[in-house]
2 protein chains.
Amino acid sequence: MILEGLPRRTKEYRAGAEIIAEGSRPQESCLILEGFAARAQHLSSGKRQFTAVHVAGDFVDLHGLLLKQMDHGVIALSPCRVAFVPHANLKTVTETNPHLTRMFWLSTVVDGAIQRAWITCLGRRSAIQHLAHLICELYLRLEIVDRAENGKFEFPVTQAEIGDMLGLSNVHVNRMLQELRATGLIRWRGSTVQIDDFEGLSTFAEFDPLYLNLSREPR
Amino acid sequence: MILEGLPRRTKEYRAGAEIIAEGSRPQESCLILEGFAARAQHLSSGKRQFTAVHVAGDFVDLHGLLLKQMDHGVIALSPCRVAFVPHANLKTVTETNPHLTRMFWLSTVVDGAIQRAWITCLGRRSAIQHLAHLICELYLRLEIVDRAENGKFEFPVTQAEIGDMLGLSNVHVNRMLQELRATGLIRWRGSTVQIDDFEGLSTFAEFDPLYLNLSREPR
DNA sequence: CGGTCTATTGACTGGCGTCAAGCACCGTGG
DNA sequence: CCACGGTGCTTGACGCCAGTCAATAGACCG
């Protein structure tokens, strides 16, 4: 994405650090340069749900420009390098550069498509299918930013965090991971995910990459 | 929303009719003038999940302008009157009217916030809390378009369709509805929903209206 | 009056949460 | 060198929430 020319500051975060607080009113939008982050919502019971996972290159809270107050927080899943762009500059873009504005808008719209896929996974897929679906999604998203190849990528998160993505308990994530490994479709040791049969995994998860909008078409 | 001046055609749909097909490449975006619609995704098992519910005044598939191919279908839940605006005209807006463009963008961004709330409901709330949350959301959204007042609104959908919103079976929706009625917080007869204690219902559902972005602030 | 759709109810099953214990790994400090 | 506490992974036992199957009843309609 072409962001040269926009002023920004960058900052580093440790794994687990809060990048943007839930309920805050940020004056900047942030962009992940390196690492993994997640959007999180909390319930009074202490339970937590991730509503999105972000990888290098993602403009994480562009929507904060329009929403004013954050309905969710953003946390670092791994060590992260993050760039911040002031809202004032983004607003100027929306007033002077229709094409770039459309790219920004598209970015939030693709986020929405991913969220819809998550909704369908949560509502109608089994836990193990959901897990497989997440792996397929991450692989394709990481591949286009050169963080994955030959079926392999790094994903340094705990099983409890995967649970927060899938809406499962850490115990059940562990069970589903073992079951999925037993199919021979993937291996997952430490933070390294190795997909041995992407076709098979896609079929198993009923994964259709259409929604990720990876094809190149004029906008 | 100010849409005067944009060309459009309007069309009527019966309950259950498909307004936009999953996988299609529409050349227009649609706007619900009257009635209820839902975005739906289908699995091979025949299961269906709604990823959003739309009410009068909602610009349902504005994102279709940017996504080109639909990752979901749009169906009428009740009889609907729908307006269609050609993408060509919307594209012109994005090139000539920054303020209106920002309003369009905001509309898709609020959709995204609602989807995040759905994700958290699906992942971490109990079925009955989720149901209560949906009722709170619908009430506030309908109130601002004058389709709800004094805790009462019309919602002409079947229990199976509610199941497709909540990711539940029709049988379990029935059980949860009875349980929720038994609390005295709501009544629901036929297609009429009566909230007798919105405060209580909000608390029960842990509903926070922040995400609906109802407050009026300059954009 | 039968036919279709929806709501309701009961019985049974199973997926997933919860609780708890036991490991494995790692960095710290004695 | 080993003791240690912390964190994350793994496993088992148990219970409950929600799915499935099936039957009945009611509502609406031609």
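The residue numbering used here restarts from 1 in each chain and proceeds along that chain's sequence as written. Following the order in which they are written, the chains are lettered starting with A and the ligands numbered starting with 1. Residues qualify for local features only when their pLDDT is at least 70, as the model is predicted, and side-chain atom pairs are given and counted only at 80 or more; totals for whole chains, interfaces and linings, by contrast, use all residues. Hydrogens are left out, water is left out, and the side-chain values use all remaining heavy atoms of the structure.

Novice: Break down the interface of chain B and chain A for me, citing the residues and quoting the values.
Specialist: By definition in these notes, contact holds between two residues if any of their heavy atoms fall within 4.5 Å. Residue-level contacts link 57 residues of chain B with 57 residues of chain A. Contact between chain B and chain A buries roughly 5000 Å² in total, counting both sides, with carbon and sulfur atoms accounting for 61%. Criterion for a salt bridge: a side-chain nitrogen of Lys or Arg within 4 Å of a carboxyl oxygen of Asp or Glu. The interface formed by chain B and chain A contains six salt bridges. In this structure, Arg116 of chain B and Asp71 of chain A form a salt bridge, with 3.0 Å as the shortest nitrogen-oxygen distance. Polar contact criterion, stated in full: a pair of N or O atoms within 3.5 Å, where within protein one must be able to donate a hydrogen and the other to accept it, and residues adjacent in sequence count only if both atoms are side-chain atoms. Between chain B and chain A we count 22 residue pairs in polar contact (both at pLDDT 80 or more) in total. Strands here mean DSSP runs of E at least two residues long; helices mean DSSP runs of H or I at least four residues long; both are numbered from the N terminus. Of all the elements in the fold, those that place two or more residues in the side of chain B that touches chain A are strand E4 (37–42), strand E5 (48–54), helix H1 (64–67), helix H2 (87–96), helix H3 (98–124) and helix H5 (159–166) of chain B. Broken down by element, the residue count for the side of chain B that touches chain A peaks at 20 residues, all from H3 of chain B. Accessible area that two parts lose when put together, evaluated with a 1.4 Å probe and summed over both, is termed the buried area.

Novice: I'd like a description of the sheet that holds strand E2 (residues 18–20) of chain B, backed by residues and values.
Specialist: One open sheet accounts for four strands, arranged E2-E6-E4-E5 (chain B); its pairing is antiparallel. Looking along the sheet, the strands with just one partner apiece sit at the ends: E2 and E5 of chain B. Looking at each pair of strands side by side, their axes are set apart by 35° on average, direction ignored. For two strands to pair, DSSP has to find at least two bridges joining them. As paired elements, E4 of chain B and E5 of chain B share six bridges and run antiparallel to each other. Bridge pairing links Ala40 of chain B to Phe50 of chain B in E5 of chain B. Whenever a helix is involved, its axis is fitted only over the stretch in contact; in every case the axis is a line through C-alpha atoms, and angles between N-to-C directions fall within 0 to 180 degrees. With respect to the sheet, helix H3 (residues 98–124) of chain A is in contact with E4 and E5 of chain B, its orientation differing from that of E5 of chain B by roughly 130°.

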